[in-house]
Amino acid sequence: MAENRSGNAKPANRKVSGASNPYAINLENFSKRLKILYSHWNENKSDLWGACDAIAIATPPTSEDLRYLKSSALHIWLVGYEFPETIMVFMRKQIHVLCSQKKASLLDVVKKSAKEAVGVEIMMHVKPKNDDGTGLMDSVFRAVNSQSKSRGNEAPVVGYIAREAPEGKLLEAWIEKLKNADFELTDVTNGFSDLLAVKDNAELTNVKRAAFLTSSVMRNFVVPNLEKVIDEEKKVSHSSLMNDTEKAILEPSRIKVKLKAENVDICYPPIFQSGGDFDLKPSASSNDESLCYDSTSVIICAVGSRYNSYCSNVARTFLIDANGVQSKAYEVLLRAHEAAIGSLKSGNKVSAAFQAALSVVEKDAPELVPHLTKTAGTGIGLEFRESGLNLNAKNDRILRPGMVFNVSLGFQNLQAETKNPKTQKFSVLLADTVIVRENVPEVLTHSSSKAVKDVAYSFNEDDDEEEDRVKVKSETRSGGATSSKATLRSDNQEMSKEELRRQHQAELARQKNEETARRLAGGGSAASDNRGGGKTIGDLIAYKNVNDLPPARDMSIQIDQKNEAILLPIYGTMVPFHVATVKSVSSQQDSNRNCYIRIIFNVPGTPFNPHDANSLKFQGSIYLKEVSFRSKDSRHISESVQLIKTLRRQVASRESERAERATLVTQEKLQVAGAKFKPIRLPDLWIRPVFGGRGRKLSGSLEAHTNGFRYSTSRSDERVDVMFGNIKHAFFQPADKEMITLLHFHLRNHIMVGNKKTKDVQFFVEVMDVVQTLGGGKRSAYDPDEIEEEQRERARKNKINMDFQNFVNRVNDLWGQPQLKTFDLEFDQPLRELGFHGVPHKASAFIVPTSSCLVELIETPFVVITLSEIEIVNLERVGLGQKNFDMTIVFKDFKRDVFRIDSIPSTSLDGIKEWLDTTDLKYYESRLNLNWRPILKTITDDPEKFIEDGGWEFLNMEVSDSDSDNSEESDKGYVPSDVQSDSVSEDEDEDSESLVESEEDEEDDSEDDLEEDEGKTWEELEREASYADREKGHDSDSEQERARRKIKSFGKTRVPNKTSSSLPKRAKFR
């Protein structure tokens, strides 16, 4: 071995070949695994090991070809390295090793460990360079016969790996002598398969690192490379893509993966297939044909990498302008693949994975069953395909925690209805590396997305004729593929975007209703409702016995602050009351200079009274509700009231903090970094929420330790620990058009910062100092001092942003380590270009989306909304003429109140719609604000009726309003101004006439009719003149107008004292 390594830190493509450089074998691993080998052999001797008395393992010479041998896997598993041209024979009391002199010297270090671990002696048979080794083989055979005779057996049973053909002169001679010897031979392949099936922690770490490299290559190299080739319409062959991808695997630094290149290798040459020529077997290869990315093309990519000889695999299928057949096939395969992964739970049979996938296909698309692959994958580890662990319908082995599988499923030789011969035949394939756990399997390659929105691409081709372009668009969209990454090349780009968004929203509506129906049927929204929880008061004990009472100075009210009690003189005795029993205290003074103090107590049965455990304990007791005292000493009364209020406030604050802490989830203890691991540190930070206390606020430092962050100041009591496992989201927001640079952590469970209970903790630095010019004069833009000050501020801002960025990068690297990978943490950065102004609480703020959240991190209270928890978004008050609108966010937990963002400028509407559509969030629009509490209550009370009525489609204005209704509403809502003024005048005539009618007019209606026929009176002419003036905009705020409004407020039937015949009449608008 060329390098000096410990454990099984072995490059996948290197062998121990007698190099002179020393290397280390992990003796602890060797001892542990040798015990496992002998224990497994003893426990399963007859079932899996063929009742053999000895196990003979012969490893062939080195080869440049990629191959997987159980003999090599055993060497790597046992000692961490592969020893080619070496024969090992395991017996009950001895292990015989036939090899060269240099290999024997390398294995001398394990002799003592083998003796201590299982009591066996390692016997070395050193083969000279030019010797064929037959004489040494005879000595090994004699040892086997001797052991068999000592145990009373005539013909010893020797186990070997029958499927491995001998290579080289040494192994050919060994197999020939083994078969000619007086031995009974048996195949022990199943024994080795079961032995190596369950991986220990060190092996799982190697598999995880291999899977991380594999998924990183797929996500960060293969997918961007394919997108670039397709977008730029390059002509690239499959074999060229294969070579480039292989180089990316062998050089992890190219894709920013911090694994040593000497420890990694490929599992197989990367596979790229397209153009109708598909082979879903693992032995498939990439041909020299060019990548086909025409409309309705399918591209299959498979990548496998090894780390320290442990394998991982991932395969993805990419759809280009998929039609209905292709989209359906992929969606069914995706559901079947998830079902197969979900069945890999401890205690299930291995066959459960294939059966789960088959059930999905039979239910959703029975016509695709003949095209389904015969297995759902295989076991994976030191071998790419572990025999005996095929995920087929007949394997009855039981799954155990620690097993690792390559779950590979596909449909092959499907027919698509296309005219292009290269796209008529297609296949689809998905593969992931999965670890079996007790409850939920762990998918190691999940970071390489296989969601429809991430693998389906839509490209609108430029055709010569408009009709052809429209036809291509309609065919592309009718396929039903969700297209989130689209290159649109139409003449009317805005129209095509809007149309694509509408179709995508329609598909989201269907999916959302199905998802909501499943969740409501399973009781998914029945989350705990913590609203209205009352505070409880524990046992209130001021004094444990009478002797603890302070001596009475005189018969006056006393306040004992040490014991938190009030002593009141009642019938000549000082009676103590705990201050927590006091509801209120007040004082007043009468005309005779008598002062009164009134104390009201908390008693059971009063409204808004906190639940007191003592009232349940002493239900038959009589309670004192109120007591009053009179005194001539006003100063004493005032001091008593003040002391009682102060003491009551202190006790209430302490009990409130205690109650808050009682509801906290217990956090793990912070593991402070030791001397070897220096913590990552960011100094001079401020924290929000701030610590309590009246002292001067101090800045502190944030340190990243083994399992969490610690923020501390120079004060010993100002310290906050934030565990990695409690972080739900982490954000880094540099100072871009803001005054602060910040790190923000949104937590899963509340923690205490000082005496405040919070789920959001923020650490920030002000990049600019607030400066006020005292001179009052305006400074010139060319003032050297002004320019120098701006440069200084810019340099300070850049330095702070760079310090934060370095801290974030180092923490991201820390979170990328295998032991922290399960937390799936990474700093997210708000996308300011997608932000918009709104009012989430009481003040206007700038709200910004991130990749997984919608946040506002500058103004308090903070806003952090997880996108995956959102059910729908309703845009309210959307309509013509509106300067702003509101956004209502409805969560999947219907017990949770909706979140409103008010007063969003209408100019942000299109950008918000585009962002919601891109993130696969279903949104609706409405003209009015809705009362959501009764709506959500109705849904939770009767979910079946909600689903039957179409789910969320009641919010769809286009569906709920018919064309006739819309036309009628529009006629009513947009009345021309001249028609409106006529109708208003008629109403005003009626109202005004009722106000100014005289008694004489009421006595004789007939005379009024005659007068109206003869001509208009002066009053009527004056009234019409006032109408004309008002129509022109005159006299809008005159004295008469204000008087008229005052008169109208009395109502139609009440006549004010002062009336005027010239008072203008105006209708009352509603």
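Residues numbered from 1 in each chain as written. Predicted model: local features only at pLDDT ≥ 70, side-chain atom pairs only at ≥ 80, totals over all residues. Heavy atoms only, no water.

The full count for this structure, using the stated rule, is 21 aromatic pairs. Ring geometry for Y711 versus F763: centroids 5.1 Å apart, planes at 40°, classification tilted. Here the residue Y711 occupies a position in strand β27 (residues 708–712), and F763 occupies one in strand β31 (residues 756–766), the gap between them amounting to 52 residues. Relative to F827, the ring of W815 has its centre 5.0 Å away and its plane inclined at 25°; by these criteria the two rings are stacked. With a gap of twelve residues between them, W815 in helix α17 (residues 784–815) and F827 in strand β32 (residues 827–828) connect regions that are remote in the sequence. (Phe/Tyr/Trp six-rings, centres within 6.5 Å; stacked < 30°, edge-to-face > 60°. Helix = DSSP H or I, 4+ residues; strand = E, 2+ residues; numbered from the N terminus.)

The next point concerns unusual backbone geometry. Along the chain, R688 connects to P689 via a cis peptide bond; the corresponding omega equals 0°. Omega for the peptide link from T860 to P861 comes to -5°, which places this bond in the cis form. Following the sequence through the fold, P861 ends up in the loop between β35 (853–856) and β36 (863–866). At N413, a residue that is not glycine, the phi angle is positive and equals roughly 60°. Mapping N413 onto the fold places it in strand β12 (residues 404–415). A positive phi angle, close to 60°, is found at R877, a residue other than glycine. By the element assignment, R877 lies in the loop between β37 (870–876) and β38 (884–891).

Time to look at the sheet that holds β37. The sheet built from four strands is open, its strands ordered β39-β38-β37-β40 with mixed pairing. Each edge of the open sheet carries a strand with a single partner, namely β39 (899–905) and β40 (923–925). Across this sheet, the average inter-strand angle for adjacent strands is 20°, counted without regard to direction. Of the pairings in the sheet, the one linking β38 to β39 comprises five bridges and is antiparallel in character. What sits directly across from I889, in β39, is F899. (Pairing = 2+ DSSP bridges. Axes fitted to C-alpha atoms, helices over the stretch in contact; angles between N-to-C directions.)

What follows concerns empty space enclosed by the protein. Summed over the entire model, instances satisfying the criterion amount to eight cavities of 30 Å³ or more. Considering only enclosed or pocket space, the second largest cavity measures out at about 90 Å³ in volume. Around the second largest cavity, the lining residues are F30, L34, L78, V79, M88, F90, I95, V97, L107, V110, I122 and M124. Secondary structure elements with two or more residues in the lining of the second largest cavity: α1 (27–43), α2 (70–79), β2 (86–90), β3 (94–99) and β4 (121–126). Class assignment for the residues of the lining of the second largest cavity results in twelve nonpolar, no polar and no charged. (1 Å grid on protein atoms, 1.4 Å probe; cavity = no way out; pocket = protein on both sides within 12 Å on 5 of 7 lines; lining within 4 Å. Points joined across faces, edges and corners; volume = space filled by probe spheres on them. Nonpolar A, V, L, I, M, F, W, Y, C, P; charged D, E, K, R; others polar.)

Turning our eyes to something else, we now look at the pairing of strand β25 (residues 680–688). Both faces of the sheet carry side chains from a regular strand, because those side chains alternate between them. Alignment of β25 against strand β26 (residues 700–704), held across four bridges, turns out to be antiparallel. Note that in β26 the partner of I680 across the bridge is A704. Pairing geometry for β25 and β31, over three bridges, is antiparallel. Across the sheet, the residue bridging to I687 is F763, located in β31.

Looking at where V722 falls in the secondary structure, it is placed in strand β28 (residues 719–723). Judged by its relative accessible area of 2%, V722 is buried. Sequence spacing of V722 and N707 is 15 residues, and the spatial spacing of their C-alpha atoms is 8.9 Å. (Buried < 20%, exposed > 50% of the residue type's maximum accessible area, 1.4 Å probe, protein only.)

The next point concerns the packing of α1 against α2. Think of two packed helices as two axes; the pair is described by the angle between the axes and how far apart they sit. At their nearest, the axes of α1 and α2 sit 7 Å apart, and the two run at 130° to each other. When the interaxial angle is binned, α1 and α2 end up oblique. Each of F30, R33, L34, I36 and L37 in α1 lies in contact with α2, whose residues at this interface are I76, W77, L78 and V79. Broken down by class, the residue content of the contact of α1 with α2 amounts to eight nonpolar, no polar and one charged. (Parallel < 35°, antiparallel > 145°, perpendicular 65-115°, else oblique. Contact = heavy atoms within 4.5 Å.)

Let us look at the packing of α1 against helix α7 (residues 189–197). Running from N to C, α1 and α7 cross one another at 130°; their axes reach a closest spacing of 11 Å. Taken together, α1 and α7 sit at an angle that is classed as oblique. Judged by the sense of rotation from one axis to the other, the crossing of α1 with α7 is right-handed. Across the interface between the two elements, I36, L37 and H40 from α1 touch G191, D194 and L195 from α7. Across the contact of α1 with α7, the residue classes tally to three nonpolar, two polar and one charged. (Left-handed = near helix turned anticlockwise from the far one by under 90°.)

Direction of pairing for strand β19 (residues 565–570) relative to strand β20 (residues 573–578): antiparallel, over a ladder of six bridges. Bridge pairing in β20 links L567 to P576. Hairpin remark: β19 followed by β20, antiparallel, with two residues in the connecting loop; positive phi at Y571, about 50°.

Now for the side chain of T186. As for its position among the elements, T186 is in strand β6 (residues 184–187). The residues contacting T186, other than those within four sequence positions of it, are W49, G50, C52, V157, V158, G159 and Y160.

Here we take up the confidence of the model for the protein. Looking at the protein as a whole, its pLDDT mean stands at 80, while 79% of the residues score no less than 70. Considering only residues more than four positions removed or in separate chains, one finds that residues 526–537, a stretch of pLDDT under 50, has 13 contacts. With pLDDT under 50 throughout, residues 1034–1040 is counted as low confidence; its partners more than four residues away or in other chains account for nine contacts. (pLDDT = per-residue confidence, 0-100.)

This part takes up the environment of R900. Structurally, R900 is set in strand β39. Each C-alpha atom of the pair R900 and V839 lies 8.3 Å from the other, and the pair is 61 residues apart in sequence. Beyond its immediate sequence surroundings of up to four residues, R900 is in contact with V839, P840, E876, D886, M887, T888 and N929. At 2.9 Å, the side chain of R900 and the side chain of E876 are in polar contact. In terms of polar contacts, R900 uses its side chain to reach the side chain of D886, at 3.2 Å. (Polar contact = N/O pair within 3.5 Å; in protein donor to acceptor, adjacent residues only side chain to side chain.)

So, on to a negative patch on the surface. A contiguous patch of negative charge on the surface is contributed by D277, D279, D288 and E289. Here D288 is to be found in the loop between β8 (271–273) and β9 (297–307). (Patch = residues over 30% accessible without salt bridge, like charges linked within 9 Å, V, L, I, M, F, W, Y side chains within 5 Å. Areas by Shrake-Rupley, 256 points an atom, 1.4 Å probe, with all protein chains shown as cover. Salt bridge = Lys/Arg side-chain N within 4 Å of Asp/Glu carboxyl O. Lys, Arg positive; Asp, Glu negative; His and termini not counted. Charge placed at Lys NZ, Arg CZ, Asp CG, Glu CD.)

Once that is clear, we can look at the sheet that holds β28. Pairing in this open sheet of eight strands is mixed, and the strands run β28-β27-β26-β25-β31-β30-β29-β32 from one edge to the other. The sheet terminates laterally at β28 and β32, the two strands that pair on one side only. Against the sheet, α17 contacts β25, β26, β27, β29 (727–733), β30 (740–753), β31 and β32, and its axis sits at roughly 115° relative to β25.

Turning our eyes to something else, we now look at the nonpolar core. L34 and F90 are the most contacted members of the largest nonpolar core, which totals 134 residues. The element that contributes the greatest number of residues to this core is helix α8 (residues 201–231), accounting for 13 residues. What L34 contacts, discounting residues up to four positions off in sequence, is L78, F90, I95, A114, V118 and V120. L682, A704, V720 and A730 belong to the second largest nonpolar core, which has 35 residues in total. (Core = buried A, V, L, I, M, F, W, Y, C linked by side-chain atoms within 4.5 Å.)

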